[in-house]
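# Survey of secondary and tertiary structure
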Amino acid sequence: MKNKGCILLIILLIFVSACENRQTTSIRISKNKPHEQAIYKEPLPNQEKEKIISFVTKSLDNPVFIEAKEEAERVSSQLGVKMEWLAPMVVDSQEQEKIVESLIERKVDGIVISVLDTKKMTPLINKAVSKGIKVATFDSDAPASKRAFYVGTNNYELGKVSGESLVKIVKEKNLHHRHLKVLIMTGVKESVNMQERIEGFKKATKELDLEIVDMVESFDDINRASELLENYVKENPHFDLFFSAGAWPLFSPPEGMISYKRWKENGGIAVIVDTFYPIVFAANKGLADALVGQDFHEMGRLSVENMYKLINGDEVKETMIYTGLEFGSPHNYEELLKRKKPWEIK
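Cut-offs applied
- Residues numbered from 1 in each chain as written.
- Predicted model: local features only at pLDDT ≥ 70, side-chain atom pairs only at ≥ 80, totals over all residues.
- Heavy atoms only, no water.
- Helix = DSSP H or I, 4+ residues; strand = E, 2+ residues; numbered from the N terminus.
- Buried < 20%, exposed > 50% of the residue type's maximum accessible area, 1.4 Å probe, protein only.
- Contact = heavy atoms within 4.5 Å.
- Pairing = 2+ DSSP bridges.
- Right-handed = clockwise from strand over helix to strand, strands pointing away.
- Expected span 1.5 Å × (residues − 1).
- Arc of directions from axis to C-beta.
- Axes fitted to C-alpha atoms, helices over the stretch in contact; angles between N-to-C directions.

Further remarks concern unusual backbone geometry. The backbone phi angle of Lys 107 is positive, close to 60°, even though this residue is not glycine. With respect to the element layout, Lys 107 can be found in the loop between helix H3 (93-106) and strand S5 (110-113). If you check the backbone angles, Phe 219 has positive phi at about 55° while not being a glycine. Structurally, Phe 219 can be placed in the loop between strand S9 (209-217) and helix H7 (222-235).

Structure (structure tokens):
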């Protein structure tokens, strides 16, 4: 028994020593605090403080940020800064606010946020800036805040181009003289990027006689989105057009979208935002007439590069740093699939 006790004590000491000497960032998802949280340690005396850039996204269950995260990690590693990726487990503006509060308390060097609720986040961003923390936004902005810059899509333009694509298809099908009913799917209504996309879409489709029959809110949840769309089509099949301001409903396997697929086969027209591999794959199976994609790789890269400048005392002159758009149609779906890396959604 004595020997066993000694062995256990030695193992425990080795484990504690290993934990103290670990240099890699540990990630955990807690049920009480449902967000990805990097463990943080104060630097030792005479040790230079590690520069930290903390990304705060809308949720961890939304795969649209995968490409931005991978690119942000790559560039951070090249520049020698620590990058954290934090978010509520599911879309929750209060949780997002708590995460930002915790980053302000920790006095991280830079925060890059995809804002859920602009009104609620603006005072927090201003608070962080007043404490000397550099703050930027990406994907979804808080334009009235004191953030240094925004990196991402010109969301009004994205909505406008999506609307123009829809008008073009409607005219090609000689339906532009008819009264047409459109269903719109959004993410979170309080998010500025969603508001701007829908505003741009409405502007571009003004020449058509459109009636918005409903605007359904997916809360950026891909499972909820596909169920919402499938159930809506089952119960209310008599609409003509569908615009989704994000890719959420098409992440599900196409074979599961039975009612929606039938609606498409019966002449329904759909324009979807985003050109990730699963979305192009679904579109190529007949689930979308046009796609308008965003460049999340560039969002990740440019966010880190410009935040790195700021935290090192350099100036970032541009306050609106727009990334490009990508276009998909039945003419180039196969080409897009060849260029893109397949995803495995679990």
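Once you've had a look at it, read on.
A few words now on the environment of Ala 136. Looking at where Ala 136 falls in the secondary structure, it is placed in strand S6 (residues 134-138). Ala 136 sits in the buried class, given a relative accessible area of 0%. Considering only alpha carbons, one finds Ala 136 and Leu 310, 174 residues apart in sequence, at a separation of 9.9 Å. Apart from the residues lying within four places of it in its own chain, the contact partners of Ala 136 are Ile 111, Val 112, Ile 113, Arg 147, Phe 149 and Met 307.

With that settled, consider the pairing of strand S8 (residues 179-186). Counting buried positions along S8 gives six out of eight residues, so the element sits mostly inside the fold. Of the strand pairs in this sheet, S8 and S9 are connected by eight bridges, and their pairing is parallel. Along S9, the bridge assignment pairs Leu 183 with Asp 214. Since S8 and S9 lie parallel, the crossover through helix H6 (residues 192-204) that links them has a hand, and here it is right-handed. Where S8 lies against strand S10 (residues 241-244), four bridges are found, and the strand directions are parallel. Bridge assignment links Ile 184 to a residue of S10, and that residue is Phe 243.

Working note: α-helix, 3.6 residues per turn, so residues spaced by three or four point in the same direction. Look at H7: 20 Å from first C-alpha to last across 14 residues, which is about the 20 Å you get at 1.5 Å a residue. Considered for burial, the residues of H7 that qualify are Ile 222, Ala 225, Ser 226, Leu 229, Glu 230, Tyr 232 and Val 233. The arc that holds every buried residue of H7, seen down its axis, measures 165°, which confines them to one face. Exposed residues pointing more than 90 degrees away from the buried face of H7 are listed as Asn 223, Glu 227, Lys 234 and Glu 235. Against S8, S9, S10 and helix H8 (258-265) lie the buried residues of H7.

Looking now at the sheet that holds strand S3 (residues 52-56). The strand order S4-S3-S5-S6-S7-S13 describes an open sheet built from six strands, whose pairing is parallel. Pairing within the sheet leaves two strands with one partner each, and these edge strands are strand S4 (82-86) and strand S13 (320-322). Mean inter-strand twist for the sheet, computed between neighbouring axes without regard to direction, equals 20°. Sheet topology places S3 next to S4; five bridges connect them, and they run parallel. Bridging from a neighbouring strand, Val 56 pairs with Leu 86 of S4. Sitting on the sheet, helix H2 (residues 66-79) touches S3, S4 and S6, and the angle it makes with S4 is about 160°. Here helix H4 (residues 118-130) sits on the sheet and contacts S5 and S6; the angle it forms with S6, its principal contact strand, is near 145°.

Below, the discussion takes up the pairing of strand S12 (residues 290-294). The side chains of a regular strand alternate between the sheet's two faces. Counting buried positions over the five residues of S12 gives five, a clear majority of the element. Neither face of S12 is left uncovered, since the one carrying Ala 290, Val 292 and Gln 294 and the one carrying Leu 291 and Gly 293 both have all their residues buried. Note: strand S11 (residues 269-273) against S12, three bridges, orientation parallel. The residue bridging Val 271 from the neighbouring strand is Ala 290, located in S12. Taken together, S11, helix H9 (residues 277-287) and S12 form a β-α-β motif whose crossover is right-handed. In this structure, S12 lies alongside strand S14 (residues 325-328), joined through four bridges in antiparallel fashion. Paired with Gly 293 across the bridge in S14 is Glu 326.

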